[in-house]
Amino acid sequence: MAVNQINKDAIRDVCYTARDMKNVRAVSFNFHTPYPDTRELALSKEEKAQCCEVISQMMDEGVPVFNLKSAFPYLINNSFPTPCAQCLVIENGKISVCGRCIDVPGLCDECGYFFVAEYTLLFGGNLRVIFEMFRTYLKYV
Ligand code: SF4
C-alpha cells in the first residue's frame, strides 16, 4: 500500500484485510513519493508519524506487516541514505540504480519507499534494522 492523502485513513482496514484473506501473506507499506505533478498526494512529517503509529499498533496486534519498525523514524524524517545502490531496475534496455525515478532532481530526498530505507539502513550496518529484518524475513519469506 502506498499511503497518500487519499487513503491514509484506510491503513487499519488494509491491515485487517491482509490478516483475514487466505491468500495474502502480509501487507507492505510505502509513503507516496512526490513525483512531478503528484505533490498534493504527499504526507507531511506529522502525518507520516501518525501513519507509523497506526502501523506499529497493527504490528503489536499481530497483523502481518512486512516492514521494519526500526526504520520508521528514518522514514518519518526522510533521514535514511538514498539511493539504494544495491537495487537495480532494468527497463527497455536502461539500467537504473535504485528506482526508475533516480533521474528526477531532488526526489530521493523525499523518497517514500520503505524498502529503500530498510535496505540502505541494513547495508549501512544499522544493528536494529539488521536484527529486525532477519526476524521479519524468517516470518514472512
Ligand atoms: S531513493 Fe530510489 S526509490 Fe527513492 S526516489 Fe530515489 S531512486 Fe526512487
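Further up the page is the structure itself.
Calculation rules
Residues numbered from 1 in each chain as written. Predicted model: local features only at pLDDT ≥ 70, side-chain atom pairs only at ≥ 80, totals over all residues. Heavy atoms only, no water. Helix = DSSP H or I, 4+ residues; strand = E, 2+ residues; numbered from the N terminus. Expected span 1.5 Å × (residues − 1). Buried < 20%, exposed > 50% of the residue type's maximum accessible area, 1.4 Å probe, protein only. Arc of directions from axis to C-beta. Contact = heavy atoms within 4.5 Å. Polar contact = N/O pair within 3.5 Å; in protein donor to acceptor, adjacent residues only side chain to side chain. Pairing = 2+ DSSP bridges. Core = buried A, V, L, I, M, F, W, Y, C linked by side-chain atoms within 4.5 Å.

End to end, helix 5 (residues 127-140) covers 20 Å across 14 residues, agreeing with the expected 20 Å (1.5 Å per residue, within 8%). Buried within helix 5 are the following residues: Val129, Glu132, Met133, Thr136 and Tyr140. Angular distribution of buried residues about the axis of helix 5 spans 105°; they occupy a single face of the element. Residues of helix 5 that are exposed and angled more than 90 degrees away from the buried face: Leu127, Phe131, Phe134 and Leu138. Its buried side turned inward, helix 5 meets helix 4 (114-123). Among the residues of helix 5, the N-terminal cap falls to Asn126, whose side-chain oxygen and the backbone nitrogen of Arg128 are separated by 3.2 Å.

A few words on the pairing of strand 3 (residues 88-91). Of the pairings in the sheet, the one linking strand 3 to strand 4 (residues 94-97) comprises four bridges and is antiparallel in character. Paired with Val89 across the strands is Ser96, a residue of strand 4. What sits between the antiparallel neighbours strand 3 and strand 4 is a turn of two residues, in which Asn92 has the positive phi angle 50°.

Time to look at the nonpolar core. Membership of the largest hydrophobic core comes to 33 residues, with the highest contact counts inside it found for Ile11, Cys15, Phe29, Phe31, Val65 and Leu75. If you list the elements that add at least two residues to this core, you get helix 1 (11-20), helix 2 (45-60), helix 3 (72-77), helix 4 and helix 5. Once you skip the residues sitting within four places of it in the chain, Leu75 turns out to touch Phe31, Lys48, Phe80, Gly112, Tyr113, Phe114 and Ala117.

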